[in-house]
Amino acid sequence: MNHIDIAKTYIKAAQTGDQATLGAIISPDVIWHQPGNNQFSGTHRGIANVGPMLGKMMEVSKGTFAITRADYYMANGNWVAIAIEFAGDRDGIKLKQPGVDLIRIEGGKIVEVRLFSSDQAQEDVFWGE
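Residues numbered from 1 in each chain as written. Predicted model: local features only at pLDDT ≥ 70, side-chain atom pairs only at ≥ 80, totals over all residues. Heavy atoms only, no water.

Novice: So what's going on with the side chain of S117? Residues and values would help.
Specialist: Looking at the element boundaries, S117 is found in strand β6 (residues 109-117). Within polar-contact distance, the side chain of S117 engages the side chain of Q120 at 3.4 Å. A distance of 2.2 Å separates a polar atom in the side chain of S117 from a polar atom in the side chain of E123. Setting aside chain neighbours within four positions, we find S117 in contact with P35, F86, Q97, P98, G99 and E123. (Helix = DSSP H or I, 4+ residues; strand = E, 2+ residues; numbered from the N terminus. Polar contact = N/O pair within 3.5 Å; in protein donor to acceptor, adjacent residues only side chain to side chain. Contact = heavy atoms within 4.5 Å.)

Okay, here's the thing in structure tokens:
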């Protein structure tokens, strides 16, 4: 698979909750940069830390948080930028906005993820402290 194919597989697996595929394409040593100033923000190292964080995000959003659209995949060397839209509903607080997922791929595995939100303040309110 080329880098775009890996990125598309990642998005589809994230959208469908396909944990087996995510486990196969995300490096155990992944570095995950979660933006903002909320309970999930910061740099998380290793799938042993990233996996539980993502699980907690689903718990907090009662399973509503999702990538609702992925339109463009752009590769530059080992990096792929993906234009996305994400949404969720948490106790009546609605979240819906465009963003960018930037992933670095080495040896067929996602080794780094950087996320960008178009309205970080809205996302911070959604996730809480």
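Novice: Which residues make up helix α1 (residues 3-16), and what are the values?
Specialist: End to end, α1 covers 20 Å across 14 residues, agreeing with the expected 20 Å (1.5 Å per residue, within 8%). Among the residues of α1, I6, A7, Y10, I11 and A13 are the ones counted as buried. Seen along its axis, α1 keeps its buried residues to an arc of 165 degrees; they face one direction. Turned more than 90 degrees from where α1 packs its buried face, K12 and T16 sit exposed. Packing partners of the buried residues in α1 comprise α2 (19-25), β1 (26-34), β3 (66-76), β4 (79-90), β5 (93-106) and β6. The opening residue of α1, the one whose side-chain oxygen lies 3.0 Å from the backbone nitrogen of I4, is N2. Downstream of α1 by one or two residues, G17 has phi in the positive range, about 70 degrees. (Expected span 1.5 Å × (residues − 1). Buried < 20%, exposed > 50% of the residue type's maximum accessible area, 1.4 Å probe, protein only. Arc of directions from axis to C-beta.)

Novice: Summarise the sheet that holds β4; cite the residues concerned and give the values.
Specialist: In space, the six strands of this open sheet follow the order β2-β1-β6-β5-β4-β3, with mixed pairing throughout. Looking at which strands have only one partner, the edges of the open sheet turn out to be β2 (42-45) and β3. Between one strand axis and the next, the sheet turns through 20 degrees on average, direction left out of account. Bridge analysis of β5 against β6 gives eight bridges, and the strand direction is antiparallel. Pairing of R104 across the sheet is with E112, part of β6. (Pairing = 2+ DSSP bridges. Axes fitted to C-alpha atoms, helices over the stretch in contact; angles between N-to-C directions.)

Novice: Which residues make up unusual backbone geometry, and what values do they have?
Specialist: Backbone geometry places K62, a non-glycine residue, at a positive phi of 50 degrees. Mapped onto the elements, K62 comes out in the loop between α3 (47-60) and β3. Phi at D91 takes a positive value of approximately 50 degrees, unusual for a residue other than glycine. Mapped onto the fold, D91 is located in the loop between β4 and β5. Here D91 falls in the exposed class, since its relative accessible area comes to 59%.

Novice: Could you give an account of the environment of D124, naming the residues involved and the relevant values?
Specialist: Looking at the element boundaries, D124 is found in helix α4 (residues 120-127). Taking relative accessible area as the criterion, D124 reaches 17% and is therefore assigned buried. Residues D124 and N38, spaced 86 residues apart in sequence, show a C-alpha to C-alpha distance of 5.1 Å. With sequence-adjacent residues up to four places away left out, D124 is seen in contact with G36, N37, N38 and S41.

It is worth stressing that arrangement in space is one thing and function is another; only the former is reported here.
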